Amino acid sequence: MPDLWSTDVQEFKTTTESALSRPVPVPFPLASFFQPLRRGASRYVVLSALLMIAFLYRWAVGLGPYSGMAAPPMYGDFEAQRHWMELTTQLPMKEWYWHDLEWWGLDYPPLTAYHSWLVGIIGTFINPTWFKLYDSRGLDDELLKVFMRASVVISEYLIYVPAVMLFVWAHGKQAGLSTYEKAIALAAILFQPSLMLIDHGHFQFNSVMFGFAFFAVDCFITDHILLGSLFFVLSICFKQMALYYAPAVFAYLLGLCIFPRVDIQRLFYLGLVVIGTLVLIFAPLILFGGPEQIQQCLFRVFPFARGLWEDKVANFWCATNVVLKFRETFAPATLQLASLGATLAGILPPCVLLFLNPEKRLLPLGLSACAWSFFLFSFQVHEKSVLLPLLPATLLLGGSLSQDTVSWVVWMNNIGMFSLWPLLRRDGLVLQYIVMSVFYAWLLGTFHRLPEHWFAKLTHVGSYCAILAIHAAEQYVGTVERYPDLWVVGNVLLCFGSYVIAWAWTLRRLWMETRGGKQKTE
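Okay, so let's go over this structure. (Residues numbered from 1 in each chain as written. Predicted model: local features only at pLDDT ≥ 70, side-chain atom pairs only at ≥ 80, totals over all residues. Heavy atoms only, no water.)

Within the protein, the secondary structure is distributed over 24 helices and zero strands. The C-alpha atoms of the protein give 23 Å as radius of gyration, which agrees with the globular expectation for 522 residues (24 Å, within 12%). Across its three principal directions, the C-alpha atoms of the protein cover 65 × 60 × 50 Å. Here the protein holds 522 residues, and the buried ones make up 57% of them. In the protein, of all internal contacts separated by at least 6 residues, the share reaching a separation of at least 24 is 79%. When the accessible surface of the protein is totalled, it reaches about 22200 Å², and 69% of it is carbon and sulfur. (Helix = DSSP H or I, 4+ residues; strand = E, 2+ residues; numbered from the N terminus. Rg over C-alpha atoms; globule rule 2.2 N^0.38 Å. Buried < 20%, exposed > 50% of the residue type's maximum accessible area, 1.4 Å probe, protein only. Contact = heavy atoms within 4.5 Å. Areas by Shrake-Rupley, 256 points an atom, 1.4 Å probe, with all protein chains shown as cover.)

Listed below in structure tokens is the structure:
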């Protein structure tokens, strides 16, 4: 991996001197932690310290409870992940997508299954009773918890963290960021609280999917588009949620094949890489289970029968359901078509902009805008899916630490944390939610700097006041007997309105960036 901070000593000296000669774009507390870099301190020491601190925060979050802890009969996501590890290690491959579907049947693509198999093999070697089929259901063992938590951290540090480091190095260099600024950007991305609480608190492996997706972005911005296509297919084959990014990636790559001139050979090679990668990933299922495994896998991965949304999620359908009861009024097929039409309308603007302007610097904005459209309008959305627009939005810090960029990115992440509050409260992660929310908000200067525009200021301050009001009402008013879900619905409505504004800001920023690029070339 290339040196995060610079390619050689001379460049390091130049960028450090440049950082010393200009003020910090936004004076937030995180910036003060990297003051040693402005005085020429060893970048390797700073990087090592940052990675260790990021690890400690993840491990501290993991000391708390997890999804479904001591909550029979089905427990939760922790049990689902553990069950997939025993499923893949104790049964032949032909049974993976068929076995006892009522008990956390496998419903992710093959790469998740292979990852579960690998982790399960290691865990079985340590303690076979952790993954003993049927007998280990709902197992609540402290050493098992340590092993499972460690598997998430190691997976993240092997895939996600290197992808983010490479992005900050490449994108920051292209954007002209100094060593000091790249260090701040890396820390801000690694301490993004929502992913930390979902993966290391609630318990999932989302960071692996994001790592593959961001490796794809890294390859695209460094002109390795074939390798990037391979990584993006890996992200989809790990978790189907990465399809939220697929239209934007397709539009970007197609634009590269069309502009400034048609390149049929590049298009052919891209198609070859995508198809070849899919074949390699699905081949074991076919070889050891037969062709019917593909159909069953797809049936499990795309569960349209589950309904329009899960739980209460801050998207269009759940928020407007307060007024119009969609699921009682319309047939499931009608709702599927409606969500498809709304999603296509939502993703069209960012995809068109990326297709006509396939520029590297637009990728984070394009991915975020496309993911916002899916989150707000698509079928079968979970509240955890908000990570998909939030993470590429956070990557914007790798290219700019301007006051406007930082304030909007931090606001989105703060709202994202609040939207996850009902889920985290059910998991018993109240302390982790409070500490990480306040810590990240303080670290990035939420309470010190606001956007420049008056409407943006009003939006940010108003939403923060509403969050505090809802939390206070939950605490001091409690459950309203006639409306037991009142505060959860308030959460949904507030976050939905905020997400619409975030989506609009991302689209506007994408549009302005494309116009700015054209003006520079002209």
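Next comes the rest of the account.
Turning our attention to the environment of Leu 267. When you line up the elements, Leu 267 lands in helix α13 (residues 264–289). Residues Leu 267 and Leu 253, spaced 14 residues apart in sequence, show a C-alpha to C-alpha distance of 8.3 Å. For Leu 267, the residues in contact, after removing those within four places along its chain, are Leu 254 and Cys 257.

On to the packing of helix α11 (residues 225–238) against helix α12 (residues 246–258), then. At a closest axis distance of 12 Å, the pairing of α11 and α12 adopts a crossing angle of 165°. In this view, α11 runs roughly antiparallel relative to α12, as classed from their interaxial angle. Viewed along their axes, α11 and α12 form a crossing whose handedness is left-handed. Contacts between α11 and α12 involve Ile 225, Ser 229 and Phe 232 from the first element and Ala 246, Val 249, Leu 253 and Leu 256 from the second. Considered class by class, the residues forming the contact of α11 with α12 number six nonpolar, one polar and no charged. (Axes fitted to C-alpha atoms, helices over the stretch in contact; angles between N-to-C directions. Parallel < 35°, antiparallel > 145°, perpendicular 65-115°, else oblique. Left-handed = near helix turned anticlockwise from the far one by under 90°. Nonpolar A, V, L, I, M, F, W, Y, C, P; charged D, E, K, R; others polar.)

Time to look at the pattern of salt bridges. Applying the stated criterion across every chain yields a total of 13 salt bridges. Between Arg 82 and Glu 79 there is a salt bridge, and its shortest N-O distance comes to 2.7 Å. With Arg 82 and Glu 79 both in helix α5 (residues 77–90) and three residues apart, this pair spans about one turn of that helix. Glu 79 sits in the buried class, given a relative accessible area of 3%. Taken together, the salt bridges that share partners define one network made up of Glu 359, Arg 361, Arg 509 and Glu 513. (Salt bridge = Lys/Arg side-chain N within 4 Å of Asp/Glu carboxyl O.)

Glancing now at the layout of surface pockets. Volume-wise, the second largest pocket comes out at about 490 Å³. Along the walls of the second largest pocket sit 20 residues, with Tyr 433, Ser 437, Ile 467, Leu 468 and His 471 positioned nearest its centre. Within the residue set of the lining of the second largest pocket, elements represented by two or more residues are α20 (403–419), α21 (421–426), α22 (430–443) and α23 (454–476). Ranked by residue count, the leading element in the lining of the second largest pocket is α23, at seven residues. Of the residues belonging to the lining of the second largest pocket, the class tally is 13 nonpolar, five polar and two charged. (1 Å grid on protein atoms, 1.4 Å probe; cavity = no way out; pocket = protein on both sides within 12 Å on 5 of 7 lines; lining within 4 Å. Points joined across faces, edges and corners; volume = space filled by probe spheres on them.)

Here we come to a nonpolar patch on the surface. A contiguous nonpolar patch, built from Trp 117, Leu 118, Ile 121, Ile 122, Phe 125 and Ile 126 and spanning about 650 Å² of accessible area, is present on the exposed surface. Overall, Phe 125 belongs to the exposed group, its relative accessible area being 76%. (Patch = residues over 30% accessible without salt bridge, like charges linked within 9 Å, V, L, I, M, F, W, Y side chains within 5 Å.)

Locating His 200 in the fold gives a position in helix α9 (residues 193–203). The residues touching His 200, leaving out its near neighbours within four places in the chain, are Arg 58, Val 61, Gly 62, Arg 149, Val 152, Val 153, Glu 156 and Leu 195.

Under the counting rule described, the total for this entry stands at four cavities of 30 Å³ or more. Volume-wise, the largest cavity comes out at about 80 Å³. For the largest cavity, the lining is made up of 13 residues, of which Ser 407, Val 410, Gly 445, Thr 446 and Arg 449 are closest to its centre. Taken together, the elements giving at least two residues each to the lining of the largest cavity come down to α20 and α23. In the lining of the largest cavity, the residues fall into seven nonpolar, five polar and one charged. If you go around the second largest cavity, the residues you meet are Tyr 66, Ser 67, Gly 68, Met 69, Ala 70, Tyr 75, Gly 76, Phe 78, Glu 79, Gly 138, Leu 139 and Asp 140.

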